Amino acid sequence: MGGIADKKIGKVMVEKIWLTIPQLTEYLGFANRATQQEWRESGALPYYRIGKNIVYKKSEVDEFVEKHKQFSI
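The structure displayed is predicted, hence computed values, not measured ones. (Residues numbered from 1 in each chain as written. Predicted model: local features only at pLDDT ≥ 70, side-chain atom pairs only at ≥ 80, totals over all residues. Heavy atoms only, no water.)

A separate point is the side chain of Lys 58. Along the chain, the position of Lys 58 falls in helix H3 (residues 58-67). Within the local environment of Lys 58, its side chain forms a polar contact with the side chain of Tyr 27, the two groups lying 3.2 Å apart. (Helix = DSSP H or I, 4+ residues; strand = E, 2+ residues; numbered from the N terminus. Polar contact = N/O pair within 3.5 Å; in protein donor to acceptor, adjacent residues only side chain to side chain.)

With eleven residues, the main nonpolar core is built from Leu 19, Ile 21, Leu 24, Leu 28, Ala 31, Trp 39, Leu 45, Ile 54, Tyr 56, Val 61 and Phe 64. Mapped by element, the contributors of at least two residues to this core are helix H1 (21-28), strand E5 (53-57) and H3. With three residues, the single largest contributor to this core is H1. Excluding residues that lie within four positions of it along the chain, Leu 24 makes contacts with Leu 19, Phe 30, Gln 36, Leu 45, Tyr 56 and Val 61. (Core = buried A, V, L, I, M, F, W, Y, C linked by side-chain atoms within 4.5 Å. Buried < 20%, exposed > 50% of the residue type's maximum accessible area, 1.4 Å probe, protein only. Contact = heavy atoms within 4.5 Å.)

What follows deals with H1. Buried within H1 we find Ile 21, Gln 23, Leu 24 and Leu 28. One side of H1 holds all its buried residues, which, seen down the axis, span an arc of 160 degrees. With respect to the buried face of H1, the exposed residues turned more than 90 degrees away are Pro 22 and Glu 26. Packed against the buried residues of H1 are strand E3 (18-20), helix H2 (33-42), E5 and H3. With its phi angle positive at about 85 degrees, Gly 29 sits one or two positions after the end of H1. (Arc of directions from axis to C-beta.)

Okay, structure coming up:
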């Protein structure tokens, strides 16, 4: 732990479950707003709308990345 998706509560590090649009960009190291919008519109990456806020579940982001893993031949 220790990255963007973590939060310290007292003396304990707790893994953050939800990522905002800017946090997802930082977490992945790419995927600007336009790319994320394409993924949302195509249904490629699940997201949640809470009021006006769009958030992503970190575990679903990790699954999305794993599904797109490529192996060289």
